[in-house]
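Residue strings, one per chain:
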Amino acid sequence: QVQLVESGGGLVQAGGSLRLSCAASGRTFSSYAMGWFRQAPGKEREIVAGISWHGGRTYYAGSVKGRFTISRDNAENAVYLQMNSLKPADTAVYYCAAAGPEYGLTTTPDAYIYWGHGTQVTVSS
């Protein structure tokens with residue numbers, strides 16, 4: 001069992017930066033590939049970035065590539081999302097999620113079995 005708690009969201013002007021953190025409980029955190037998802041009002045949840053259990057492989061959605069960076073610290077049971085050059089289109093609730101142990105890095109939402117409650121990111125123009 002893994003419990004996830006996101007933090008670091010807030011209100012920022014376009015062009016600004018935020019760093020999201022996801023604190024995980026559970027001794028087996030390092031076994032899970034992790035992902036950051038987001039959901040804007042009226043839209044489906046979409047993956048933003050993913051990272052393998054060892055941190056050696058990452059994935060970014062095209063809309064955030066070059067602006068966002070995902071990282072993890074298995075010793076601290078944490079995963080991070082550094083978001084730079086934020087745009088109003090990045091406004092959403094951001095969720096941290098852990099993929100099932102049978103998966104490696106994956107972009108399939110159904111593969112993620114543990115989810116946090118989300119943190120709101122609002123980017124003003």
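Here goes a summary of the coordinates provided.

This brings us to the pairing of strand S3 (residues 18–25). Residues Leu-18, Leu-20, Cys-22 and Ala-24 line the buried face of S3, whereas the alternating positions Arg-19, Ser-21, Ala-23 and Ser-25 sit on a face that is not buried. In terms of strand pairing, strand S1 (residues 3–7) meets S3 through five bridges, oriented antiparallel. Paired with Ser-7 across the bridge in S3 is Ser-21. As paired strands, S3 and strand S8 (residues 78–83) are joined by six bridges and run antiparallel to one another. What sits directly across from Arg-19, in S8, is Gln-82.

Moving on to the side chain of Arg-67. Within the element layout of this structure, Arg-67 appears in the loop between strand S6 (58–60) and strand S7 (68–73). Since its relative accessible area comes to 11%, Arg-67 is described here as buried. Here Arg-67 is in contact with Gln-82, Met-83, Asn-84, Ser-85, Leu-86, Lys-87 and Asp-90, once residues within four sequence places are set aside.

Another aspect to go through is the sheet that holds S3. Backbone hydrogen bonds hold the strands of a sheet together, and the pairing may be parallel or antiparallel. Strand order in the open sheet formed by four strands is S1-S3-S8-S7, and the pairing between neighbours is antiparallel. Each edge of the sheet is formed by a strand with only one pairing partner; in this case those strands are S1 and S7. Each strand axis lies, on average, 15° off the axis of its neighbour in the sheet, ignoring direction.

In this section: the nonpolar core. Nonpolar side chains in soluble globular proteins tend to end up buried together. Within the largest apolar cluster, 31 residues are counted, with the highest numbers of intra-cluster contacts made by Leu-4, Met-34, Trp-36, Leu-81, Met-83 and Tyr-94. Of all elements in the fold, only S3, strand S4 (34–39), strand S5 (46–51), S7, S8, strand S9 (92–99) and strand S11 (119–124) reach the threshold of two or more residues within this core. Ignoring sequence-local partners within four residues, the contact set of Tyr-94 consists of Glu-6, Leu-20, Trp-36, Phe-37, Arg-38, Val-48, Phe-68, Leu-81, Met-83, Gly-118, Thr-119 and Val-121. Grouped together as the second largest cluster of nonpolar side chains are eight residues, Phe-37, Ala-97, Ala-99 and Tyr-112 included.

Thresholds, definitions, all that
Residues numbered from 1 in each chain as written. Predicted model: local features only at pLDDT ≥ 70, side-chain atom pairs only at ≥ 80, totals over all residues. Heavy atoms only, no water. Buried < 20%, exposed > 50% of the residue type's maximum accessible area, 1.4 Å probe, protein only. Helix = DSSP H or I, 4+ residues; strand = E, 2+ residues; numbered from the N terminus. Pairing = 2+ DSSP bridges. Contact = heavy atoms within 4.5 Å. Axes fitted to C-alpha atoms, helices over the stretch in contact; angles between N-to-C directions. Core = buried A, V, L, I, M, F, W, Y, C linked by side-chain atoms within 4.5 Å.

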